[in-house]
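What follows is the residue order along each chain.
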Amino acid sequence: MATFRLQGSRVLAVDMTGDAVKAKNGSMVAHDGQMAFKKLSGGGEGIRGMVTRRVTGEQMTVMEVKGHGTCWFADRATEINVVRLRGEKLYVEASNLLCTDAGLRTGTSFTGLRGATQDNGLFTTTVEGTGQAAIVSDGPAVVLRVSREYPLTVDPGAYIAHQGDLRQSFQSGVTFRTFLGEGGGEAFQIRFEGDGLVYVQPSERTTIAGDV
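Residues numbered from 1 in each chain as written. Predicted model: local features only at pLDDT ≥ 70, side-chain atom pairs only at ≥ 80, totals over all residues. Heavy atoms only, no water.

A. Quick look at the side chain of Thr 70. Tracing the backbone through its elements, the reader meets Thr 70 in strand S5 (residues 62–73). Here Asp 15 takes part through its side chain, which lies 2.7 Å from a polar atom of the side chain of Thr 70. Contact partners of Thr 70, with chain neighbours within four places excluded, come to Arg 5, Ala 13, Val 14, Asp 15, Ala 30, His 31, Asp 32 and Met 35. (Helix = DSSP H or I, 4+ residues; strand = E, 2+ residues; numbered from the N terminus. Polar contact = N/O pair within 3.5 Å; in protein donor to acceptor, adjacent residues only side chain to side chain. Contact = heavy atoms within 4.5 Å.)

B. Main features of the packing of aromatic side chains. Scanning all chains against the criterion turns up one aromatic pair. Between Tyr 159 and Phe 192 the ring centres are 6.0 Å apart and the planes differ by 15°, which places this aromatic pair in the stacked class. Residue Tyr 159 is located in strand S12 (residues 159–172), and its partner Phe 192 is located in strand S13 (residues 188–200); the two are separated by 33 residues in the primary sequence. Grouping residues by exposure puts Tyr 159 and Phe 192 together as buried. (Phe/Tyr/Trp six-rings, centres within 6.5 Å; stacked < 30°, edge-to-face > 60°. Buried < 20%, exposed > 50% of the residue type's maximum accessible area, 1.4 Å probe, protein only.)

This is the structure:
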């Protein structure tokens, strides 16, 4: 299995000994050894994945990198976090997924939540299995624990990913005070309940009604 390691906080080094990884197309910044690159269709999920992603709007263009040596990846100088999965499922915005072990399965999942952001639809990307995945964030990501005693509410514009046994609900923060300009400025929130982790970035995407 390929080895993921960070060099600084904005470059991912992947050591391969005949292994393969799937990475965001165009994210390779350097490599040594013998490497082969191949563009994959439908987020690496074939024709069915291509159709599904086109219908859902959760577009993701990836390439397969395979060989012996080290390959370095980066994406617009964003910060990188490595997530280790042990038979779990990671839910992540397609734009925030940088690289995964080739053995991890990717797909799409209906959420009904991300419609609050202009650049995300009602679906999100899933990564499942045993291996490593690298996700990017605009600024250093914060990993927040959700427990059954302490649910978590986040701004959809700051949400990156989540994993674990979590339930989501979509809440509207619009009140009469909001329309008077006395609200907190966050018209929509995502509430997580259960047991798991939520990744957020210290920067917000533009939301449809996030600043009413």
